[in-house]
Amino acid sequence: MMSEEANTNINGTHPEEQTTAKRISAALNAFLHVFDRQLKAVLTRKPVRFILYFLLGYWALGSDPLGLSTASDKAISDELARLGAYLAPSPPAPITVVAIDHDSIEGLHNQGKGWLTADDWPLTYVDHGRILRDLVLSREKPAAVFYDIFFEKPRAISGDMTRLGRLLSRLQEQPEAAPLLLSGGGSFMPMSPEAYQALGRPPLAVTAWEGHGDFYPLHAPLSTGGDSAGAANAPMAATALYQALCARRGQNCDWLAQPDQPNLAVQWELVDKPGCGSSDAGHAWARVARDLFNMLGRAIGFGDALQPPPASCLPFHQVRLADLYADEPASLRPPHLKPGEPFVVLVGVVMPSMKDYLPSPLYGLIEGVYLHAAALENLQRHGASYIHEHDITSISQALLMLLIAAAMHVRRYSNRTINRILESEILLVVAIRWLAWWFLLCAVVVALYCAFYLVWRIAPEGWLTLIALAPLLREVVLTTESKYDTQQGERHEERTTRSHGDGLDADASDTGTDRKDQCNSLS
């Protein structure tokens, strides 16, 4: 009689355990075989494959893995905006930007001999008062003055803020004084109640906002009580200045007062003058061709670094603070305007030490006051037809469905010669095929860019990601559908061959029966 140890194999596994494992393995293999067969049967249906393709594309559109889609979308949009600025330079706008720079402070202080009491930033409240008084009472009579200096809270080193507040109150009581707007910060960075009261509760414009991405809202929350919970929507600096221009011109701009206006997509422009933009088509296209070559080079890591134009190419009048007090003072009015035509003034600090810089697609890092001026220039040039933010998620999904449906119904050429050329692995043929494909994609991108920005006046987000899905559709959908078409053709050919063979067998059987009948009749 064998012992229990003898019934154990060399691996220490009992025979009953081996039998159970084999049964489980056989059952699992059978299940996988049935599942694979059923899955293949389901995938032969085009609606099922369409749904799978759409889910893949929807994931690519909405997931934004590692932020790559957003980054690539912004990079290409910036390049297109840059090229568009060179192709269509803008006329100068009725806007003047006064820059308070370090050289102006040193020159106006003049080692204690000038009228400016401070020899460096920050200025004293007396200095601010002198600058504001000279601007709002200027003989050139601007429609409004925006002072982009944020008086967040009283500062003892700058003097008595209430003195500045009394001066501002007296200025606003004078009928010949231009309306004055001060920087009010925003809901998350408000002016303190002490500063707001000391300045005499002046008119404020929003200069700090969040939650709008790269867009410029026309209204944003503003708090004057130091509590963001009590913030209410107020006009941005560009909005308030454009309203002042409309009022001086006698235009109806009531649409600006609506708080639900879409965000402005700021378009950075070049002024039409030598060294900046040019209305000459040959010069503009030569610059665009050079930029396209550099853009392609940067894409593969060999292009020249981007060289932004100087800030003097912005389409508005720019003067330094010291130039207004020179022996021959600079004009506050933009030189292209006729006497009596309205204009507005923006005053800001232009110093690297202030670190008040924002990225722009055309000029690189640029001072914050220029962002408000650029947004105002867009409103001045386009009015209610300004290029605005628009959500095209539903449109992108519909276009994705159309692209998938089109790719699924593309048929191979019946001409075998053409098929051999298209499927050739010769390097030259492959290169030509891919260049043609990318040229088509670039043409589609440019066409959609013109349609969105020039016709529909919208700046959609994520539309370039949809274009980037085209190669995915080409590789996944066309390849998969070609495989299923080939399998379907092979099955059809097999059925045709089988039915043809069955017909031949039937004919042979009928022939043999006829011969047998003839022999019986002869006998």
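Above: the structure in question.
Residues numbered from 1 in each chain as written. Predicted model: local features only at pLDDT ≥ 70, side-chain atom pairs only at ≥ 80, totals over all residues. Heavy atoms only, no water.

1. Considerations on the overall build of the protein chain
- Broken down by element type, the protein chain carries 14 helices and 12 strands.
- Within the protein chain, the proportion of its 523 residues that are buried is 38%.
- As displayed, the protein chain offers around 30100 Å² of accessible surface, 59% of which is attributable to carbon and sulfur atoms. (Helix = DSSP H or I, 4+ residues; strand = E, 2+ residues; numbered from the N terminus. Buried < 20%, exposed > 50% of the residue type's maximum accessible area, 1.4 Å probe, protein only. Areas by Shrake-Rupley, 256 points an atom, 1.4 Å probe, with all protein chains shown as cover.)

2. A word on a negative patch on the surface
- On the surface, Asp 103, Glu 106, Asp 119 and Asp 120 cluster together into a negatively charged patch.
- Relative to the elements of secondary structure, Glu 106 occurs in helix α4 (residues 102–109). (Patch = residues over 30% accessible without salt bridge, like charges linked within 9 Å, V, L, I, M, F, W, Y side chains within 5 Å. Salt bridge = Lys/Arg side-chain N within 4 Å of Asp/Glu carboxyl O. Lys, Arg positive; Asp, Glu negative; His and termini not counted. Charge placed at Lys NZ, Arg CZ, Asp CG, Glu CD.)

3. What to know about the state of the cysteines
- Per the stated rule, a full pass over the model turns up two disulfides.
- Across the disulfide, Cys 246 is cross-linked to Cys 253 (sulfur-sulfur distance 2.0 Å). Here the disulfide of Cys 246 and Cys 253 is left-handed, its torsion about the S-S bond being about -70 degrees.
- For Cys 246, a relative accessible area of 2% gives the class buried.
- Put simply, Cys 276 and Cys 313 are joined by a disulfide, and their sulfur atoms are 2.0 Å apart. Between Cys 276 and Cys 313, the disulfide has an S-S torsion of -75 degrees and is therefore left-handed. Within this pair, whereas Cys 276 is found in the loop between α8 (237–249) and α9 (281–299), its partner Cys 313 is found in the loop between α9 and β7 (317–320), the two being separated by 37 residues in sequence. (Disulfide = S-S within 2.5 Å.)

4. Things to note about the nonpolar core
- Ranked by size, the top nonpolar core spans 95 residues in total, and within it Tyr 147, Phe 151, Tyr 216 and Trp 268 carry the most contacts.
- Not counting residues up to four positions away in its chain, the partners in contact with Tyr 216 are Trp 209, Met 236, Ala 237, Ala 238, Asn 263, Leu 264, Val 266, Leu 371, His 372 and Ala 375.
- Phe 215, Ile 392, Tyr 449 and Tyr 453 belong to the second largest nonpolar core, which has 11 residues in total. (Core = buried A, V, L, I, M, F, W, Y, C linked by side-chain atoms within 4.5 Å. Contact = heavy atoms within 4.5 Å.)

5. Looking at the packing of helix α5 (residues 125–136) against helix α6 (residues 161–173)
- One way to put it is that α5 packs onto α6 with a least axis distance of 9 Å and a crossing angle of 10 degrees. The angle between α5 and α6 falls in the class roughly parallel. For the pair α5 and α6, the contacting residues are Tyr 125, Val 126, His 128, Gly 129, Leu 132, Arg 133 and Val 136 in the first and Met 161, Arg 163, Leu 164, Leu 167, Leu 168 and Leu 171 in the second.
- Tallied by class, residues from the contact of α5 with α6 come to nine nonpolar, two polar and two charged. (Axes fitted to C-alpha atoms, helices over the stretch in contact; angles between N-to-C directions. Parallel < 35°, antiparallel > 145°, perpendicular 65-115°, else oblique. Nonpolar A, V, L, I, M, F, W, Y, C, P; charged D, E, K, R; others polar.)

6. Some remarks on the packing of aromatic side chains
- According to the stated counting rule, one finds nine aromatic pairs in the structure shown.
- For the ring pair Trp 115 and Tyr 325, a centre distance of 5.0 Å and an interplane angle of 55 degrees mean the geometry is tilted. With a gap of 210 residues between them, Trp 115 in the loop between α4 and α5 and Tyr 325 in the loop between β7 and β8 (344–349) connect regions that are remote in the sequence.
- Given a relative accessible area of 24%, Tyr 325 falls into the partly exposed group.
- Plain terms: the ring middles of Trp 268 and Tyr 363 are 6.2 Å apart, the flat faces sit at 65 degrees to each other, and that makes the pair edge-to-face. Highlighted residues: Trp 268 in the loop between α8 and α9 and Tyr 363 in the loop between β9 (357–360) and β10 (364–367), separated in sequence by 95 residues. For the pair Trp 268 and Tyr 363, a shared accessibility class is recorded, and that class is buried.
- Lying across the ring of Trp 115, Arg 130 places its NZ or CZ 4.4 Å from the centre. (Phe/Tyr/Trp six-rings, centres within 6.5 Å; stacked < 30°, edge-to-face > 60°. Lys NZ or Arg CZ within 6 Å of the ring centre and 35° of its normal.)

7. Some words on α8
- For α8, spanning 13 residues, the distance from its first C-alpha to its last is 19 Å, which sits close to the expected 18 Å at 1.5 Å a residue.
- Those residues of α8 not exposed but buried are Ala 237, Ala 238, Thr 239, Ala 240, Leu 241, Tyr 242, Ala 244, Leu 245 and Cys 246.
- Directly after α8, the chain includes Gly 250, whose backbone phi takes a positive value near 80 degrees. (Expected span 1.5 Å × (residues − 1).)

8. Considering the side chain of Arg 49
- Relative to the elements of secondary structure, Arg 49 occurs in helix α2 (residues 46–63).
- Among all residues touching Arg 49, those that are not within four sequence positions of it are Leu 43, Thr 44, Met 408, Glu 481 and Tyr 484.

9. Quick word on a nonpolar patch on the surface
- On the surface, Leu 28, Phe 31, Leu 32, Phe 35 and Leu 39 cluster together into a nonpolar patch covering about 500 Å² of accessible area.
- Mapped onto the elements of the fold, Leu 28 is located in helix α1 (residues 15–43).
- For Leu 28, a relative accessible area of 49% puts it in the partly exposed group.

10. Overview of the pattern of salt bridges
- Throughout the structure, instances matching the rule amount to six salt bridges.
- One salt bridge in this structure joins Arg 320 and Asp 101, with 2.9 Å as the shortest N-O distance. Taken together, the residues Arg 320 in strand β7 and Asp 101 in the loop between β1 (95–100) and α4 connect sequence positions 219 residues apart.
- Arg 320 gets classed as partly exposed once you look at its relative accessible area, which sits at 30%.
- Several salt bridges share partner residues, and in doing so they unite Asp 101, Arg 320 and Asp 323 into one network.

11. Things to note about the sheet that holds β7
- Across the sheet, six strands lie side by side as β4-β3-β2-β8-β1-β7; this open sheet has parallel pairing. Since the sheet does not close on itself, it has two edges, and those belong to β4 (204–205) and β7, each with one partner.
- Bridge analysis of strand β2 (residues 144–147) against β8 gives four bridges, and the strand direction is parallel. Note that in β8 the partner of Val 145 across the bridge is Val 345.
- Relative to the sheet, α5 contacts β1, β2, β3 (180–183) and β8, its axis offset from that of β2 by approximately 160 degrees.
- Sheet strands touched by helix α10 (residues 368–382): β1, β2, β7 and β8. Its angle to β8, the strand with the most contacts, is close to 160 degrees. (Pairing = 2+ DSSP bridges.)

12. Description of α5
- Counted at 1.5 Å a residue, the expected span for α5 with its 12 residues is 16 Å, and the 16 Å between its end C-alpha atoms agrees.
- Looking at α5, one finds that the buried residues are Tyr 125, Asp 127, His 128, Gly 129, Ile 131, Leu 132, Leu 135 and Val 136.
- Tucked into the core, α5 has its buried residues touching β1, β2, α6, β3 and β8.

13. Comments concerning the packing of α8 against α10
- Relative to each other, α8 and α10 sit at 40 degrees, their axes nearing to 8 Å. If you check the angle between α8 and α10, you find them oblique. As α8 runs across α10, the sense of the crossing is right-handed. For the pair α8 and α10, the contacting residues are Ala 237, Ala 238, Thr 239, Leu 241, Tyr 242, Leu 245 and Arg 249 in the first and His 372, Ala 375, Leu 376, Leu 379 and Gln 380 in the second.
- Here the residues of the contact of α8 with α10 are counted per class, giving eight nonpolar, three polar and one charged. (Left-handed = near helix turned anticlockwise from the far one by under 90°.)

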